[in-house]
Each structure stands twice: as C-alpha cells, then as structure tokens.
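Notes for the structure review
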Amino acid sequence: MISKESVPGFVTVCVTITLCVVIVGMVGTMMVGMFDTNISNDKIFEAIISAFQTIIGGFIGLITGIKIGQDNNEPE
C-alpha cells in the first residue's frame, strides 16, 4: 500500500512520464506531417499548436499544484 507521504511523488512521476509520452507522440506526428508532400504545413501547425499549449500548460499546472500541496503539508 502507498503511504500518504509518497502519493504526491508517485503522481508527479506518473504525470511526468505521461507528459513525455504525449510530447514525443506529438512531435513525431508533426515531423511525419512536415515531410509528407501531400499535407500542407500550415494545416499541421494550425491543428497542433493549440493542442500543444493546452497539454503542456495542463501538465505544468498539475505538477505545480502537487508541489505546492507538498510544501503546505510539510511539518515545520
């Protein structure tokens, strides 16, 4: 069983791994699309930029919230 103190660290690691997988997938998809002559590069950037910002912003907010929660729970 996971102790109450180790949950934020475990969640942070899970979120970080998930963020890495999502970013690698998005960059890979963007690279394939950029070098495909049948696809307009403008369309790729239109579709991916907002998703990229949303995903990265959400994960950074989550990690920051976990860190703030850890700092508030530490005994003085």
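This one's a predicted model, so the numbers in the text were calculated from it and none came from an experiment.

Side note on the overall build of the protein chain
Within the protein chain, the regular secondary structure consists of 2 helices and 0 strands. Each of the 76 residues in the protein chain was classed as buried or not, and the buried ones make up 12%. Taking the contacts inside the protein chain whose residues are at least 6 apart along the sequence as the reference set, 65% of them involve residues at least 24 apart. Entry remark: accessible area of the protein chain is about 5800 Å², with carbon and sulfur atoms responsible for 68%.

Looking at a nonpolar patch on the surface
A grouping of Val7, Phe10 and Val11 is seen on the molecular surface, where their side chains present a nonpolar patch of about 230 Å² in accessible area. Inspection of the secondary structure puts Val7 in helix H1 (residues 7–34). You can call Val7 partly exposed: its relative accessible area is 37%.

What counts as what
Residues numbered from 1 in each chain as written. Predicted model: local features only at pLDDT ≥ 70, side-chain atom pairs only at ≥ 80, totals over all residues. Heavy atoms only, no water. Helix = DSSP H or I, 4+ residues; strand = E, 2+ residues; numbered from the N terminus. Buried < 20%, exposed > 50% of the residue type's maximum accessible area, 1.4 Å probe, protein only. Contact = heavy atoms within 4.5 Å. Areas by Shrake-Rupley, 256 points an atom, 1.4 Å probe, with all protein chains shown as cover. Patch = residues over 30% accessible without salt bridge, like charges linked within 9 Å, V, L, I, M, F, W, Y side chains within 5 Å. Salt bridge = Lys/Arg side-chain N within 4 Å of Asp/Glu carboxyl O.

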